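# Results of the structural survey
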Amino acid sequence: MGRVFVLGTSHLYVPRLPSAVMLVGSRGNLALYPHFQGVKELLKPPFGPLFRKVEEHLGQGNVVFLATGDPLFYGVAQMVVKRFGPSRVEVVPNVSCMQLAFARMGVSWQEARHFSLHGRGWRGLLRALTLTPRYLFLFTDPSRTPQAIARYLLGAEVEGVKMWVFTSLGTPQEEVEVLTLEEGASRAFKEPNSVVLE
């Protein structure tokens, strides 16, 4: 019986694959391993049929899930561990987008807070910002973009906040910008992106 690996990837460091018969991930992550000869499956819902395929292939060898950054930081690892059990799963983290963002800022981040807007709307954002000593890292989504965040904060009459916008972190297309809320509200941003409010 094989084991399940959840492997964090990044363009800064593409880890070596363990021996495996099946690779599961996004198109971008699968493309990092063009020479893999086994079965490749896209990581997308519904997950029930996908997990059944994984279970079948575990009879032949290891299965590797690919995730971006740290798979236990808003990643797929928790779902995989819940499905297959901690004794069968090994998680190998990489650099998370939050770590990379603060590295680009050149500031210590052990006291920073984080908040996910991904699929959850604006509820709780103002409270998180109020409780944050200095830096609040935000996970964006296609609806809660940097532009939408800036407009929301301006509408809530938030003042004295600087916005860092990180686009395509860790790739050759990476961009880092420091903006006022007014500047952020007036323009669109490429994806993928994330935000730090200072």
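Residues numbered from 1 in each chain as written. Predicted model: local features only at pLDDT ≥ 70, side-chain atom pairs only at ≥ 80, totals over all residues. Heavy atoms only, no water.

## Let's talk about the packing of aromatic side chains
Note the threshold: Aromatic pairs are defined between Phe, Tyr and Trp rings, using the six-membered ring for Trp, whenever the two ring centres lie within 6.5 Å; interplanar angles under 30 degrees are classed as stacked, those over 60 as edge-to-face, and all others as tilted. Runs of H or I in DSSP of at least four residues are treated as helices and runs of E of at least two as strands, each being numbered from the N terminus. Each residue is placed in one exposure class: buried if its accessible area under a 1.4 Å probe, protein chains only, is under 20% of its type's maximum, exposed if it is over 50%, and partly exposed if it falls in between. Any Lys NZ or Arg CZ found within 6 Å of a ring centre and within 35 degrees of that ring's normal is scored as a charge over the ring.
For the structure on display, the rule yields eleven aromatic pairs. On the numbers, 6.1 Å between centres and 25° between planes, the contact of F47 with F51 is stacked. Residue F47 and its partner F51 are both found in helix α2 (residues 47–58); the two are separated by four residues, about one turn of the helix. Classification of F47 by relative accessible area gives partly exposed; the value is 25%. Overall, the relative accessible area of 6% leaves F51 in the buried class. An angle of 5° between the planes, with centres 4.5 Å apart, marks the rings of W122 and Y152 as stacked. Of this pair, W122 sits in the loop between β6 (113–116) and α5 (125–131) while Y152 is found in helix α6 (residues 146–155), placing the two residues 30 residues apart along the sequence. Of the residues examined, W122 reaches a relative accessible area of 24% and is grouped as partly exposed. Cluster of aromatic residues (ring-pair linked, three or more members): F47, F51, F65 and F84. The lysine or arginine in question, R83, covers the ring of F84, its NZ or CZ lying 4.8 Å from the ring centre.

## Points about the environment of L129
Short version of the rule: Residues count as neighbours in contact if any of their non-hydrogen atoms are within 4.5 Å of one another.
Residue placement: L129 occurs in helix α5. Apart from the residues within four sequence positions on either side, L129 is in contact with L136, L153, V158, V161 and L197.

## Examining the side chain of S168
The residue S168 is located in the loop between β8 (162–167) and β9 (175–180) in this model. Exposure remark for S168: the relative accessible area of 14% places this residue in the buried category. Every residue in contact with S168, bar those within four places of it in the chain, is listed here: Q173, E174, E191 and P192.

## Comments concerning the packing of α2 against helix α3 (residues 77–84)
Operational definition: Every axis in this analysis is a line fitted to C-alpha atoms, fitted for helices over the stretch in contact. Angles between the N-to-C directions lie between 0 and 180 degrees. When describing relative orientation, an angle under 35 degrees is termed roughly parallel and one over 145 degrees roughly antiparallel, while 65 to 115 degrees is termed roughly perpendicular and anything else oblique. Handedness of a crossing is defined here by the sense of rotation of the near helix relative to the far one, left-handed for an anticlockwise turn of less than a right angle and right-handed for a clockwise turn.
It is the contact of α2 with α3, at a shortest axis distance of 12 Å, that shows an interaxial angle of 60°. By the criterion of interaxial angle, the relationship of α2 to α3 is oblique. For the element pair α2 and α3, the recorded crossing hand is right-handed. Counted together, F47, F51, V54, E55 and L58 of α2 and M79, R83 and F84 of α3 form the full contact between these two elements.

## Thoughts on the pairing of strand β2 (residues 22–25)
Our working definition: By definition, two strands form a pair when at least two bridges between them are found by DSSP.
Side chains M22 and V24 of β2 all project onto a buried face; the interleaved residues L23 and G25 project onto the opposite face, where all are buried too. One ladder, built from four bridges, connects β2 with strand β3 (residues 39–42); its direction is parallel. Bridge assignment links V24 to a residue of β3, and that residue is E41. As paired elements, β2 and strand β4 (residues 63–68) share three bridges and run parallel to each other. Within β4, the position partnered with M22 by the bridge is V63.

## A few points about the nonpolar core
So the rule is basically this: The definition of a nonpolar core used throughout is a set of buried Ala, Val, Leu, Ile, Met, Phe, Trp, Tyr and Cys residues joined through side-chain atoms within 4.5 Å.
Grouped together as the largest cluster of nonpolar side chains are 20 residues, with contacts concentrated most on L136, L138, L153, M163 and L197. Elements represented by at least two residues in this core include exactly α5, β7 (136–139), α6, β8, α7 (181–185) and β10 (193–197). V4, V6, L50 and V76 belong to the second largest nonpolar core, which has 16 residues in total.

Keep in mind these numbers describe shape, not what the thing actually does.
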